[in-house]
Amino acid sequence: MIQTPDAVEIAPGTHWIGALDPGLREFDIILKTANGTTYNSYCVRGTEGVAIIDTVKASHAEEFFRRLEQVASYDEITTIVLNHLEPDHSGALPELMRRAPQAKLYISTKGQLMLKALVKDAALKYNVVETGDHVELGGRTLRFFTTPFLHWPDTQCTLIEEQGILFSGDVFGCHFCDARLFNDQVGDFRFSFEYYYQHIMRPFREYVLNALELLEPLPLKLIAPAHGPILREAPLSYMQRYRQLASPLLHNEVGANNKSLLVFYISSYGNTARMAQAVVDGAETVPGVRVSMYDLQAGGNLPFVDLIEEADGLAIGSPTINGDAVKPVWDLLSSLAVIKVRDKLGAAFGSYGWSGEAINMIEDRLRGLKMRVPIKGVRARLIPTEEELALCRDLGVQLAQHLSGTVQNRVISMSELFAQEQSHA
Ligand code: FEO
């Protein structure tokens, strides 16, 4: 049974005043939370002021205020810092500002829009801070680091310089509720830490690497994230793990100067498979492009997603069955939300019996993922003819040329699209 602790001192003058949510089993609809979660908030006391770092979800505000009142009175609060304005951290902000009207609020530049949406008060006053800005509390200096897209545009981290304590927001956090609070005392939370990265931070791994450039040089003694255990034992190892998780892999497999094209297919009667092989055959004639082919029927989405994250281009072959692409194709495409695919090259092809909608549907989805789809896909009615296989080889050549830079990116005109549609009709 989890006991609810009082405010907990995490370093001299700095207390955890957050809230525990052990019963939560799903976060933001998409995330399983087998151990519940915590909404971590902190109170920092200096000789000349008191700061509150982040608040909690509105449903847990009472718990937060109870702990706050154990370590500070509202009229002492000079500073409120919101590292991130998602409602699980800003839910109690309006009430805190009502109780401590003299306190100055500090947010990132990108936080302004969200703040105005959250606190419907035209007279609201706040201060915008960027990397390097600081606030003095008297013997405690809060230094700000802008770390956008971890995992919203507004995210930032705040450091107590004198103590080497980093309030990191969501980054380095996880959904894991344990009243023992500290990473050297709670249960084994490695799964939750990795799961959180994979589902929340992974689509933004370039921003993770940018943030690490800022944060790794800091002389940190403790990382205090907005969810899950407080990292006081070997805090830098969690940063190192983030660097491993966010660093591109598979360079050896592809080669530093090569581009990678993945051709996925699924086939009922072998027709789409033949088209896939033709796409591969065409692409392989272009130097500098490593081509790989996979049967979706025999693979798992997770390893395929890992491969796609590292690839430069993606071609998907699907038959059309009942006017749709088949489920394994949609399963793969819906799995891509956890990685960044924006600007990768995409294409579709496939065999069909009556209508052949799958190709357009896949292309629309790829465009919806912000991928480039400059080449119209190839469709073949039932068994592909030699001419249609030649079109597939040409599709492969064009894809590979786009990747190798031997053709310029181009935008297909409406008249060209229409002409291609007519040729398929
Ligand atoms: Fe924990 Fe992105 O809020």
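Residues numbered from 1 in each chain as written. Predicted model: local features only at pLDDT ≥ 70, side-chain atom pairs only at ≥ 80, totals over all residues. Heavy atoms only, no water.

Novice: Go over the environment of Pro248, please, and point to the residues and values.
Specialist: Tracing the backbone through its elements, the reader meets Pro248 in the loop between α7 (235–246) and α8 (251–254). Relative accessible area serves as the criterion here: at 40%, Pro248 is assigned to the partly exposed category. Counting along the chain gives 43 residues from Pro248 to Arg205, while the straight-line C-alpha distance between them is 9.1 Å. Apart from residues lying up to four places away in sequence, Pro248 is in contact with Arg205, Leu209 and Glu310. (Helix = DSSP H or I, 4+ residues; strand = E, 2+ residues; numbered from the N terminus. Buried < 20%, exposed > 50% of the residue type's maximum accessible area, 1.4 Å probe, protein only. Contact = heavy atoms within 4.5 Å.)

Novice: So what about the layout of surface pockets? Which residues, and what values?
Specialist: Put simply, the largest pocket is a space of about 530 Å³. Pro203, Phe204, Ala337, Ile339 and Lys340 are, among the 21 residues lining the largest pocket, the residues nearest its centre. Looking at the lining of the largest pocket element by element, the count peaks at 3 residues for helix α6 (residues 205–215). Class assignment of the residues belonging to the lining of the largest pocket gives a composition of 12 nonpolar, 3 polar and 6 charged. Both domains that furnish three or more residues to the lining of the largest pocket are identified here as domain 1 (8–246) and domain 2 (253–424). (1 Å grid on protein atoms, 1.4 Å probe; cavity = no way out; pocket = protein on both sides within 12 Å on 5 of 7 lines; lining within 4 Å. Points joined across faces, edges and corners; volume = space filled by probe spheres on them. Nonpolar A, V, L, I, M, F, W, Y, C, P; charged D, E, K, R; others polar. Domains from an automatic or database assignment.)

Novice: Explain unusual backbone geometry to me, and be specific about the residues and the numbers.
Specialist: Of the consecutive residues Leu150 and His151, the connecting peptide bond is found in the cis state with omega at 15 degrees. Assignment of secondary structure puts His151 in the loop between β13 (141–146) and β14 (156–160). A positive phi is found at Ala234, a non-glycine position, where the angle reads about 50 degrees. Summarising the element assignment, Ala234 is placed in the loop between β16 (222–225) and α7. The phi torsion at Asp343 lies on the positive side, around 75 degrees, for a residue other than glycine. Structurally, Asp343 is set in the loop between α11 (327–334) and β20 (345–352). The class for Asp343 is partly exposed, based on a relative accessible area of 47%.

Novice: Break down the pairing of strand β8 (residues 50–53) for me, with residues and values.
Specialist: Burial along β8 is two-sided: Val50 and Ile52 and Ala51 and Ile53, pointing in opposite directions, are all buried. Pairing geometry for strand β7 (residues 42–45) and β8, over 4 bridges, is antiparallel. Paired with Val44 across the two strands is Ala51, which belongs to β8. In textbook terms, the turn of a hairpin is the stretch between consecutive antiparallel strands, and for β7 and β8 this stretch comprises 4 residues. One ladder, built from 4 bridges, connects β8 with strand β9 (residues 77–81); its direction is parallel. In the sheet register, Ile52 faces β9, and the bridge partner there is Ile80. Each parallel crossover has a hand, and for β8 linked through helix α1 (residues 61–71) to β9 it is right-handed. (Pairing = 2+ DSSP bridges. Right-handed = clockwise from strand over helix to strand, strands pointing away.)

Novice: Before we move on, could you go through the side chain of Ser318 and cite the residues and values that matter?
Specialist: Tracing the sequence through the fold places Ser318 in the loop between β19 (313–317) and α11. Among the polar contacts made by the side chain of Ser318, one reaches the main-chain amide nitrogen of Val326 at a distance of 3.3 Å. (Polar contact = N/O pair within 3.5 Å; in protein donor to acceptor, adjacent residues only side chain to side chain.)

Novice: Before we move on, can you summarise the domain arrangement of the protein chain with the specific residues and values?
Specialist: The domain boundaries assigned to the protein chain delineate domain 1 (8–246) and domain 2 (253–424). Its C-alpha centre places domain 1 at a distance of 42 Å from the equivalent point of domain 2. At the junction of the two partners, domain 1 supplies 6 residues and domain 2 supplies 8 residues. For the pair domain 1 and domain 2, the summed buried surface comes to about 620 Å²; carbon and sulfur atoms form 35% of the total. Contact with domain 2 buries surface across domain 1, with Arg202, Pro203 and Arg205 losing the most and accounting together for 80% of the total. In this assembly, domain 1 and domain 2 are joined by 5 salt bridges. One salt bridge connects Asp306 with Arg202, and the closest N-O pair in it is separated by 2.7 Å. Where domain 1 touches domain 2, the interface holds 4 residue pairs in polar contact (both at pLDDT 80 or more). Looking at the side of domain 1 that touches domain 2, the elements with two or more residues in it are α5 (190–201) and α6. (Buried area = accessible area lost by both parts, 1.4 Å probe. Salt bridge = Lys/Arg side-chain N within 4 Å of Asp/Glu carboxyl O.)

Novice: Describe the pattern of salt bridges, naming the residues involved and giving the relevant values.
Specialist: Between side chains of opposite charge, pairing is possible as soon as their charged atoms come close. Overall, the coordinates contain 22 salt bridges when judged by the stated rule. Its salt-bridge partner being Glu310, residue Arg205 comes within 3.2 Å of it at the nearest N-O pair. With Arg205 in helix α6 and Glu310 in helix α10 (residues 301–310), this pair connects stretches of sequence that are 105 residues apart. Glu310 carries the same exposure label as Arg205, and that label is buried. In this structure, Asp364 engages Arg367 in a salt bridge whose closest nitrogen and oxygen atoms are separated by 3.6 Å. Of this pair, Asp364 and Arg367 both sit in helix α12 (residues 358–368), 3 residues apart, which is roughly one turn of the helix. Look at the salt bridges and you will find they share partners, linking Arg202, Arg205, Asp306, Glu309 and Glu310 into a network.

Novice: I'd like a description of the sheet that holds strand β1 (residues 8–11), backed by residues and values.
Specialist: The 7 strands are arranged β1-β2-β7-β8-β9-β10-β11 in an open sheet whose pairing can be described as mixed. The open sheet is flanked by β1 and β11 (127–129), the only strands paired with a single partner. The average undirected angle you get between the axes of adjacent strands in this sheet is 25 degrees. Across the sheet, helix α4 (residues 111–118) touches β10 (104–108) and β11, and the angle it forms with β10 is around 130 degrees. (Axes fitted to C-alpha atoms, helices over the stretch in contact; angles between N-to-C directions.)

Novice: Break down the sheet that holds β13 for me, citing the residues and quoting the values.
Specialist: Read from one edge to the other, the open sheet built from 5 strands follows the order β12-β13-β14-β15-β16, with strand pairing classed as mixed. Taken across any chain shown, the strands that pair with only one partner, and hence form the sheet edges, are β12 (134–136) and β16. On average, adjacent strands in this sheet sit at an angle of 20 degrees to one another, irrespective of strand direction.

Novice: Account for helix α13 (residues 386–404), with residues named and values stated.
Specialist: End to end, α13 covers 27 Å across 19 residues, agreeing with the expected 27 Å (1.5 Å per residue, within 8%). Among all positions of α13, only Glu388, Leu389, Cys392, Leu395, Gly396, Val397, Leu399, Ala400, His402 and Leu403 are buried. The inward-facing, buried residues of α13 abut β17 (259–265), α9 (271–283), β18 (289–295), β19, β20 and β21 (378–381). Gly405 lies just past α13 and shows a positive phi near 80 degrees. (Expected span 1.5 Å × (residues − 1).)

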